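Each chain, letter by letter, is given below.
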Amino acid sequence: MTPARAWVLLKSGRRINLLDPQPDSWDDSDLAIGLSRTYRWGGHSQWELPLSVAQHSLLVLALRRQMRADPLTPTQALHELLHDASEGLLGFDCITPLKPHLGTDYETLDARLQSAIQTRYQLPPWDHADYVLHKQADRLAAASEASHVVGWSRREIRDSLLITIEPLETDPLPITAGMKPWEPWPPQLAANLFLDALRQLLRR
């Protein structure tokens, strides 16, 4: 019997088997491109463009850095930057309420991708205290995105999305010339900024 496979040809020329991903199946640019073209909130937005997972990842990293008086270690920062990296390889960011309906096969697929990412970037398991702070940053990012990107009201964020954290008013990310706070970035810009951040952390 032929082994199950689901190949994706990447821009680098490498191929990743999504059913059996290996840590050398992609390069850093492939990951950045994938994350910049994978969209949060079901791809919906009040702006001209949807919000990429690449921009979200940089937002969560910026928020975590604001939560500490001392700098994050490179490993802590990598955990934040890559917390949704599996979505960039898969090309799909499932909205949270839908995940329980996709079953264990989806969970297994995502877990294999996460494992390959952890191996490639030498990420140890989350420290419990760091993970608690990460979830706070991730929820704050979600509340702020829901308000400023998608257009949910604060009451809807609380009652429908069940996020009790108040959205931020000020965008923690640098504002690119010609763009507004909270505006989703074009894919190429998102890919470039994510890749720059990843390479800086890997050099440390």
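Scroll up to find the structure.
I will try to describe carefully the structure that is included in this document. In this text, all values refer to a predicted model and were calculated from it rather than measured experimentally.

Applying the stated rule across the entire model yields two aromatic pairs. For the ring pair Phe92 and Tyr106, a centre distance of 6.2 Å and an interplane angle of 75° mean the geometry is edge-to-face. Of this pair, Phe92 sits in the loop between α4 (85–90) and α5 (103–120) while Tyr106 sits in helix α5; the two residues are 14 residues apart in sequence, bridging distant segments of the chain. Overall, Phe92 belongs to the partly exposed group, its relative accessible area being 34%. Judged by its relative accessible area of 15%, Tyr106 is buried. Both rings, one in Trp126 and one in Tyr131, keep their centres 5.4 Å apart while their planes meet at 70°; by these two values the pair is edge-to-face. With relative accessibility at 36%, the residue Tyr131 sits in the partly exposed group. When the ring centre of Trp7 is taken as origin, the NZ or CZ atom of Arg15, which lies over that ring, is 4.3 Å away.

This paragraph deals with the nonpolar core. In this structure, Trp26, Leu31, Leu81, Leu82, Tyr121 and Phe194 are the most contacted members of the largest nonpolar core, which totals 45 residues. Here this core gets eight residues from one element, more than from any other, and that element is helix α2 (residues 53–66). In contact with Leu82, not counting residues within four places along its chain, are Leu31, Tyr121, Leu123, Phe194 and Leu198. Counting residues in each nonpolar core, the second largest holds nine residues, with Ala143, Ala146, Ile157 and Ile163 among its members.

Moving on, we come to unusual backbone geometry. Only a minority of non-glycine residues have a phi that is not negative, and only a minority of peptide bonds are not trans. Residue Trp41 is not a glycine yet carries a positive backbone phi of 60°. Structurally, Trp41 can be placed in the loop between α1 (28–36) and α2. Within the chain, Leu162 stands out as a residue other than glycine whose phi angle is a positive 60°. Here Leu162 lies in the loop between α7 (154–159) and α8 (187–203). With relative accessibility at 58%, the residue Leu162 sits in the exposed group.

Turning our eyes to something else, we now look at the side chain of Glu87. Within the secondary structure layout, Glu87 lies in helix α4. No salt bridge is formed by the buried Glu87; its nearest oppositely charged neighbour, Lys99, is found at 4.7 Å. Not counting chain neighbours up to four residues away, the residues in contact with Glu87 comprise Leu35, Thr38, Val53, Phe92 and Asp93.

The rules behind the values
- Residues numbered from 1 in each chain as written.
- Predicted model: local features only at pLDDT ≥ 70, side-chain atom pairs only at ≥ 80, totals over all residues.
- Heavy atoms only, no water.
- Phe/Tyr/Trp six-rings, centres within 6.5 Å; stacked < 30°, edge-to-face > 60°.
- Helix = DSSP H or I, 4+ residues; strand = E, 2+ residues; numbered from the N terminus.
- Buried < 20%, exposed > 50% of the residue type's maximum accessible area, 1.4 Å probe, protein only.
- Lys NZ or Arg CZ within 6 Å of the ring centre and 35° of its normal.
- Core = buried A, V, L, I, M, F, W, Y, C linked by side-chain atoms within 4.5 Å.
- Contact = heavy atoms within 4.5 Å.
- Lys, Arg positive; Asp, Glu negative; His and termini not counted.
- Salt bridge = Lys/Arg side-chain N within 4 Å of Asp/Glu carboxyl O.

Purely geometric stuff here, so don't read any function into it on its own.
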